[in-house]
Amino acid sequence: MFKYLVIVSPLGFLYGSAGAFLSPENLVGRSGAKFPPDAATLAGLFFSENKSQQFASHETLKQELFVSGPFWANHEDVTNFYVPMPRHRIIDDSKDDEWRLNPQRKWERDPQKQEIEATYRWQSIDSWKRPKTADIRENNEMGRAPWEYVSFLHPQMKPDERHVLDKDGLFLENAVQMDEGFCLVYLSTYALPDGWYRFGGESHMVEICCHEIPLGSTIHELLTTKIQKACALLTPGVWGSNYLSYRYPKHSEFPKEGIKMLTDKPIPYRYRIGQRSTERGRLGRGRYAVPSGTVYVFKHTLDKTWWEFPEDWFPREGLPLKHLGCGLCLPVEIDGVA
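Residues numbered from 1 in each chain as written. Predicted model: local features only at pLDDT ≥ 70, side-chain atom pairs only at ≥ 80, totals over all residues. Heavy atoms only, no water.

## Here's the deal with the overall build of the protein
Phase 1 of the analysis: Each helix and strand counted, the protein has four helices and 25 strands in total.
Phase 2 of the analysis: Relative to the globule expectation of 20 Å for 338 residues, the C-alpha radius of gyration of the protein, 21 Å, shows essentially globular dimensions.
Phase 3 of the analysis: On the principal axes, the C-alpha backbone points of the protein span a range of 75 × 50 × 40 Å.
Phase 4 of the analysis: The proportion of buried residues among the 338 residues of the protein is 46%.
Phase 5 of the analysis: A separation of at least 24 residues holds for 72% of the contacts in the protein among residues at least 6 apart in sequence.
Phase 6 of the analysis: Summed over its atoms, the accessible surface of the protein is roughly 17,600 Å², and 48% of this surface lies on carbon and sulfur atoms. (Helix = DSSP H or I, 4+ residues; strand = E, 2+ residues; numbered from the N terminus. Rg over C-alpha atoms; globule rule 2.2 N^0.38 Å. Buried < 20%, exposed > 50% of the residue type's maximum accessible area, 1.4 Å probe, protein only. Contact = heavy atoms within 4.5 Å. Areas by Shrake-Rupley, 256 points an atom, 1.4 Å probe, with all protein chains shown as cover.)

Encoded structure:
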């Protein structure tokens, strides 16, 4: 089970990848921009630091390290961090609505509230078990992501002039600035020693500290509660083989019959693994992932926690993607699901 909250506090900017469509003609584009850094980035930091700090043997770390995220929190209350809101909840500044299942097992909304758009995509973990979306809005337990993109150019100067190089003299970085007083949060089975680290693309400096997850906390209770007939993803889910991506596990033990989903378009999922003679390592196989917030409703009881999901439900690339927190999900209550 996850034992620690890993708190990442930027010391300035962080790196936000620019996506697949950045070009010399579109230097400020952010199509497909990706932030915060995913759990694979934190896992890489664990393995890198373990070479010098030796808090576990490499094989032990490979077998026992599980990380998941990213989430975010206010520094004043990091245990009540914010997670992606399940898709069946719809909240804007003044109104709210919910998707529900009717007796014919079809998704429906209140026809009087069809104009409401979901302007909030995050909610505090302590509000997860509230049965009504209206309670979350009235208690102001939803939030907007506390960061913004800032694009700027890095010059590479000529050695004898105060001018940039004629070729490749400018490099555009899509950096991200966190609002003051906020931090990123990850779940982990291991703790990193407190200190300053280089984290993510462009190796920006961050301060990292770890807190044990209290036994009576909301997140501990939720992680140990078995999923019955409905759950929602906190992190993107990659299911299936090493070559194909599916919307849910194709394993024979997974209850596929009569499954209902509430989701959005798939998102790209790729990360760098291993090392070669160069320092970069190699890219994992590109896949599509089911986005966080996706809701699954089962016809038959699942009766498992995410921790009890077999590793065969996840692709394996170097290690099963379950070790990177893939598809982390929690039980939810949905009107119409008995």
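Okay, back to it.
## Comments concerning the side chain of Asp 38
Phase 1 of the analysis: Structurally, Asp 38 can be placed in the loop between strand 2 (13–15) and helix 1 (39–53).
Phase 2 of the analysis: Not counting chain neighbours up to four residues away, the residues in contact with Asp 38 comprise Pro 70, Tyr 186 and Arg 270.

## Here we look at the environment of Ser 241
Phase 1 of the analysis: The topology assignment puts Ser 241 in the loop between strand 16 (230–233) and strand 17 (260–262).
Phase 2 of the analysis: Between the C-alpha atom of Ser 241 and that of Asn 140, which follows or precedes it by 101 residues, the distance is 41 Å.
Phase 3 of the analysis: Among all residues touching Ser 241, those that are not within four sequence positions of it are Tyr 246, Arg 287 and Pro 315.

## Quick word on the sheet that holds strand 22 (residues 295–297)
Phase 1 of the analysis: The four strands are arranged 17-22-16-25 in an open sheet whose pairing can be described as antiparallel. Unpaired on one side and paired on the other, strand 17 and strand 25 (329–331) mark the two borders of the sheet. Adjacent strand axes in the sheet meet at a mean angle of 25°, parallel and antiparallel pairs treated alike.
Phase 2 of the analysis: Of the pairings in the sheet, the one linking strand 16 to strand 22 comprises three bridges and is antiparallel in character. Its bridge partner being in strand 22, Ala 230 is matched across the sheet by Val 297. (Pairing = 2+ DSSP bridges. Axes fitted to C-alpha atoms, helices over the stretch in contact; angles between N-to-C directions.)

## A short note on the environment of Val 206
Phase 1 of the analysis: Assignment of secondary structure puts Val 206 in strand 15 (residues 204–212).
Phase 2 of the analysis: On the basis of relative accessibility, which here comes to 0%, the residue Val 206 falls in the buried class.
Phase 3 of the analysis: C-alpha separation for the pair Val 206 and Arg 162, spaced 44 residues apart in sequence, amounts to 31 Å.
Phase 4 of the analysis: Residues contacting Val 206, with those up to four places away along its chain left out, are Val 8, Ser 9, Pro 10, Leu 11, Leu 14, Gly 195, Trp 196, Tyr 197 and Phe 199.

## Quick notes on the environment of Pro 291
Phase 1 of the analysis: Mapped onto the secondary structure, Pro 291 falls in the loop between strand 21 (287–289) and strand 22.
Phase 2 of the analysis: The sequence separation of Pro 291 and Ala 134 amounts to 157 residues, and the corresponding C-alpha distance is 24 Å.
Phase 3 of the analysis: Non-local contacts of Pro 291, meaning those with residues more than four positions away in its chain, are made with Arg 87, Leu 233, Pro 236, Thr 263, Asp 264, Lys 265, Pro 266 and Ile 267.

## Here's the deal with the pairing of strand 14 (residues 195–199)
Phase 1 of the analysis: As paired elements, strand 14 and strand 15 share five bridges and run antiparallel to each other. Residue pairing across strands places Gly 195 opposite Ile 208, the latter belonging to strand 15.
Phase 2 of the analysis: Between strand 14 and strand 15, which pair antiparallel in sequence order, lie four residues; one of them, Gly 200, sits at a positive phi of approximately 80°.

## Side note on the sheet that holds strand 11 (residues 147–155)
Phase 1 of the analysis: Strand order in this open sheet of three strands is 2-12-11, and the pairing throughout is antiparallel. Only two strands of the sheet have a single neighbouring strand rather than two, namely strand 2 and strand 11. Looking at each pair of strands side by side, their axes are set apart by 45° on average, direction ignored.
Phase 2 of the analysis: Of the pairings in the sheet, the one linking strand 2 to strand 12 (residues 170–178) comprises three bridges and is antiparallel in character. Among the inter-strand pairings, Tyr 15 is bridged to a residue of strand 12, identified as Ala 175.

## Details of the confidence of the model for the protein
Phase 1 of the analysis: When pLDDT is averaged across the protein, the result is 88; 90% of the residues are at 70 or more.
Phase 2 of the analysis: Counting contacts from residues 20–27, a segment whose pLDDT is below 50, to residues more than four positions away or on other chains yields nine contacts. (pLDDT = per-residue confidence, 0-100.)

## As for the pattern of salt bridges
Phase 1 of the analysis: Under the definition given, this model contains 13 salt bridges.
Phase 2 of the analysis: Here Lys 299 makes a salt bridge to Glu 257, at a shortest N to O gap of 3.6 Å. Here Glu 257 lies in the loop between strand 16 and strand 17 and Lys 299 lies in the loop between strand 22 and strand 23 (316–317), a separation of 42 residues in the sequence.
Phase 3 of the analysis: Here the salt bridges do not stand alone but share partners, grouping Asp 97, Arg 100, Arg 109 and Asp 335 into one network. (Salt bridge = Lys/Arg side-chain N within 4 Å of Asp/Glu carboxyl O.)

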